[in-house]
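Residue strings, one per chain:
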Amino acid sequence: MLNIPTIETERLILRPHRKTDFEAYVTFWADEDVVRHITGVPSTREQTWARLLRATGQWHHMGFGFLAIEEKESGRFVGECGFLEARREMTPSIEGTLETGWALSPSFHGRGYASEALQAMIAWAEQRFPDMEMTCIISPENAPSIRLAGKLGFREVTRTDYNGEIILFSRRGTRQA
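Asks: Run through the overall build of the protein chain, naming residues and quoting values.
Replies: Scanning the protein chain from N- to C-terminus turns up 5 helices and 8 strands. Against the globule reference of 16 Å for 177 residues, the protein chain gives a C-alpha radius of gyration of 15 Å, in line with a compact fold. Burial analysis of the protein chain (177 residues in total) assigns 50% to the buried set. Put simply, of all contacts in the protein chain between residues at least 6 apart along the chain, 61% involve residues at least 24 apart. Accessible surface computed for the protein chain: about 9,300 Å², of which carbon and sulfur atoms make up 47%.

Written out as structure tokens, the structure is:
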């Protein structure tokens, strides 16, 4: 098994995805509210399986990736957050950055879980990848994620197109378009 961390916060456990998460993951990525600002299209079972494998594969090849978010009190799957290298075909390029992402089940919105989980992930990454810029891309219609990005120190760099309009944010300095 890869050396994927488990990070505990006051209310959450950020842990490697497990094969046993698959059914919850299928339900999660099929939820129209989850994908509304990400792809806009619910994932099929097959697509979700590939996503689960990618979540683990990133750790193997990049030394970082996404972690499942579990609520300590209930043991329920909340969502996921972390970093990826997606090699997106977009301008400006964000290759070579820690592309930060998160998605939570709507039943867990409004509890501060995304902020709590991301603060822990960012602290973990700052220790291990201190020279890497962090970026994120967010749909302009996703006001809650835009607010959270700002709270976490991300600043808007530019608006561009990646399967629709997105806003590119950076957590360190500014990137040139």
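Asks: Before we move on, can you summarise the sheet that holds strand 1 (residues 7-8) with the specific residues and values?
Replies: Strand order in the open sheet formed by 8 strands is 1-2-3-4-5-6-8-7, and the pairing between neighbours is mixed. This sheet does not close on itself; its edge strands, each paired only once, are strand 1 and strand 7 (155-161). For strand 1 and strand 2 (residues 12-15), the ladder comprises 2 bridges, and the chain directions are antiparallel. Looking across to strand 2, one finds that Ile7 is bridged to Leu14. Across the face of the sheet, helix 1 (residues 22-30) comes into contact with strand 4 (77-84) and strand 5 (98-104) while running at roughly 80 degrees to strand 4. Here helix 5 (residues 143-151) sits on the sheet and contacts strand 5, strand 6 (134-138), strand 7 and strand 8 (165-170); the angle it forms with strand 6, its principal contact strand, is near 165 degrees.

Asks: How would you summarise the packing of aromatic side chains if you had to cite specific residues and measurements?
Replies: This model, assessed by the stated rule, comprises 9 aromatic pairs. Both rings, one in Phe28 and one in Phe77, keep their centres 5.5 Å apart while their planes meet at 85 degrees; by these two values the pair is edge-to-face. With a gap of 49 residues between them, Phe28 in helix 1 and Phe77 in strand 4 connect regions that are remote in the sequence. In this pair, the class of Phe28 matches that of Phe77, namely buried. Cluster of aromatic residues (ring-pair linked, three or more members): Tyr25, Phe28, Trp29 and Phe77. Positioned above the aromatic ring of Trp29, the side-chain terminus of Arg51 is 3.6 Å from the ring centre.

Rules used throughout
Residues numbered from 1 in each chain as written. Predicted model: local features only at pLDDT ≥ 70, side-chain atom pairs only at ≥ 80, totals over all residues. Heavy atoms only, no water. Helix = DSSP H or I, 4+ residues; strand = E, 2+ residues; numbered from the N terminus. Rg over C-alpha atoms; globule rule 2.2 N^0.38 Å. Buried < 20%, exposed > 50% of the residue type's maximum accessible area, 1.4 Å probe, protein only. Contact = heavy atoms within 4.5 Å. Areas by Shrake-Rupley, 256 points an atom, 1.4 Å probe, with all protein chains shown as cover. Pairing = 2+ DSSP bridges. Axes fitted to C-alpha atoms, helices over the stretch in contact; angles between N-to-C directions. Phe/Tyr/Trp six-rings, centres within 6.5 Å; stacked < 30°, edge-to-face > 60°. Lys NZ or Arg CZ within 6 Å of the ring centre and 35° of its normal.

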